[in-house]
Amino acid sequence: MPPARAALYGATAVALATTGYSLAVRPVPFGWAACALFGYIALRLAGVLVLRLRMYADTVVRGPRGARGVALTFDDGPHPVWTLRVLELLANHRAVATFFVTGHKVEAYPHVLRAILDAGHGVGLHSYAHDRLFALRSERRVRQDLERGVAAIERVAGERPTFFRPPIGHTNPTIARVADEMDLVVVGWSVAGLDGLASARPAAVASRVRRGLSDGAIVLLHDAPERGDREPAAIRALPEILEAVHARRLETVPLDRLVEAAGVQPSRSAKP
Ligand SMILES: [Zn+2]
């Protein structure tokens, strides 16, 4: 069990026991209770914001020890210009990647998704609408969004995606449960290029990713801006990243390879 999830279960048990003690025996001092409540809320919030803590879902954030290869992943596409440029760069380096696409862009640019698939790359779901407040939405709304996103991919690809990366990486028990029921494996990353920011510089993105390159790494980059048409910094950083992969005698592998090696299957998320 991930340590953060064990901490959540432990903290929940202590909170329930303390509440019971306060009601049945004698109230704990107010200062203590306030501190404990604040700590509990902070713990749960960290679980929502930091996907790699794996507090709510069995998120794959890197391949297991002994896994070979680096999985490059691109979020927020497809985009009619930048995704095609990424495909060209990957082809030049004989590299493979996985694209976490948003359903509404798949509907707008189905030919770009087809190009991704035709080039032999993987596809995962990055929600339909890329709602920044996804972690605050009701279960009904989360389910509707994910089902719409899955359907958009299925219409073009002919099959349902297996992987899901939540918008801006936020998870909670609702998102974990719905993803689980839809047989989607939640995937995070071990290396973030931080290339999606408007201020990101390609050289800084490349050196950040280079530092994290090792067997089993899952690299997060963007083949499109979240909104609009700005060129993501990853486009100019990618040649240097691909050269670094080659220079270190690493190889790019499909995400499936690392997920299979990690032994994570759908239907195993936590249900706190
Ligand atoms: Zn995104």
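Cut-offs applied
- Residues numbered from 1 in each chain as written.
- Predicted model: local features only at pLDDT ≥ 70, side-chain atom pairs only at ≥ 80, totals over all residues.
- Helix = DSSP H or I, 4+ residues; strand = E, 2+ residues; numbered from the N terminus.
- Rg over C-alpha atoms; globule rule 2.2 N^0.38 Å.
- Buried ≥ 20, exposed ≤ 12 C-beta atoms within 10 Å, placed from the backbone.
- Contact = placed C-beta atoms within 7 Å.
- Domains from an automatic or database assignment.
- Expected span 1.5 Å × (residues − 1).
- Axes fitted to C-alpha atoms, helices over the stretch in contact; angles between N-to-C directions.
- Parallel < 35°, antiparallel > 145°, perpendicular 65-115°, else oblique.
- Left-handed = near helix turned anticlockwise from the far one by under 90°.
- Nonpolar A, V, L, I, M, F, W, Y, C, P; charged D, E, K, R; others polar.
- Pairing = 2+ DSSP bridges.
- Right-handed = clockwise from strand over helix to strand, strands pointing away.

### Regarding the overall build of the chain
Now for step 1: The number of helices and strands found in the chain is 10 helices and seven strands.
Now for step 2: Taking 2.2 N^0.38 as the reference for a compact globule, 272 residues should give roughly 19 Å; the C-alpha atoms of the chain span a radius of gyration of 20 Å, in line with that estimate.
Now for step 3: In terms of its C-alpha atoms, the chain occupies a principal-axis envelope of roughly 70 × 40 × 35 Å.
Now for step 4: Looking at the chain as a whole, 42% of its 272 residues qualify as buried.
Now for step 5: Here the contacts in the chain between residues at least 6 apart in sequence split such that 80% fall between residues at least 24 apart.

### Concerning the domain arrangement of the chain
Now for step 1: On domain assignment, one finds that the chain holds domain 1 (3-49) and domain 2 (71-262).
Now for step 2: Between domain 1 and domain 2, the C-alpha centre-to-centre distance is 36 Å.

### Overview of helix α1 (residues 3-24)
Now for step 1: The terminal C-alpha atoms of α1, which comprises 22 residues, lie 31 Å apart, in line with the 32 Å expected from a rise of 1.5 Å per residue.
Now for step 2: For α1, a buried count of one out of 22 residues is recorded, marking the element as mostly open to its surroundings.

### Digging into the packing of helix α3 (residues 82-92) against helix α9 (residues 233-247)
Now for step 1: At a minimum axis separation of 10 Å, α3 and α9 run at an interaxial angle of 15 degrees. Considering their axes alone, α3 and α9 lie roughly parallel with respect to each other. Here α3 and α9 pass one another in a crossing that is right-handed. Across from W82, R85, V86 and L89 in α3, the residues of α9 making contact are I235, L238, P239 and L242.
Now for step 2: In terms of residue class, the contact of α3 with α9 is built from seven nonpolar, no polar and one charged.

### Some remarks on the pairing of strand β7 (residues 218-222)
Now for step 1: The buried fraction of β7 amounts to five of the five residues, a majority that puts the element mostly inside the structure.
Now for step 2: With burial as the criterion, each face of β7 is covered, one bearing I218, L220 and H222 and the other bearing V219 and L221.
Now for step 3: Sheet topology places strand β1 (residues 71-75) next to β7; five bridges connect them, and they run parallel. The partner of L72 across the bridge, within β7, is V219.
Now for step 4: Here two bridges tie strand β6 (residues 191-192) to β7, and the two strands are oriented parallel to one another. Paired with V191 across the two strands is V219, which belongs to β7.
Now for step 5: Traced from β6 through helix α8 (residues 202-212) to β7, the parallel crossover comes out right-handed.

### As for the environment of H93
Now for step 1: Following the sequence through the fold, H93 ends up in the loop between α3 and β2 (97-101).
Now for step 2: We classify H93 as partly exposed; it has 15 C-beta atoms within 10 Å.
Now for step 3: With 159 residues separating them in the primary sequence, H93 and T252 have C-alpha atoms 9.9 Å apart.

### Let's talk about the pairing of β1
Now for step 1: In terms of burial, β1 is a largely internal element, five of the five residues being buried.
Now for step 2: What you see with β1 is no split at all: A71, T73 and D75 on one side and L72 and F74 on the other are buried throughout.
Now for step 3: The pairing of β1 with β2 spans four bridges and is classified as parallel. From the neighbouring strand, L72 faces β2, where its bridge partner is A97.
Now for step 4: Read as a crossover between parallel neighbours, the route from β1 over α3 to β2 is right-handed.

### Side note on the environment of T73
Now for step 1: Its location among the elements puts T73 in strand β1.
Now for step 2: Sequence separation of T73 and H170 is 97 residues, and the distance between their C-alpha atoms is 17 Å.

### What about unusual backbone geometry?
Now for step 1: Looking along the chain, the bond that leaves G77 and enters P78 is cis, with omega of 0 degrees.
Now for step 2: Following the sequence through the fold, P78 ends up in the loop between β1 and α3.
Now for step 3: A positive phi angle, near 60 degrees, is found at R249, a position not held by glycine.
Now for step 4: By the element assignment, R249 lies in the loop between α9 and α10 (255-262).

### As for the packing of α1 against helix α2 (residues 30-49)
Now for step 1: Viewed as axis vectors pointing N to C, α1 and α2 meet at an angle of 150 degrees, and their least axial separation amounts to 11 Å. Looking at the two axes, α1 sits roughly antiparallel to α2. Relative to α2, the crossing made by α1 is left-handed. Residues A4, A7, L8, A11, A15 and T18 of α1 form the contact with α2, whose own contacting residues are A36, Y40, L43 and G47.
Now for step 2: Split into classes, the residues belonging to the contact of α1 with α2 amount to eight nonpolar, two polar and no charged.

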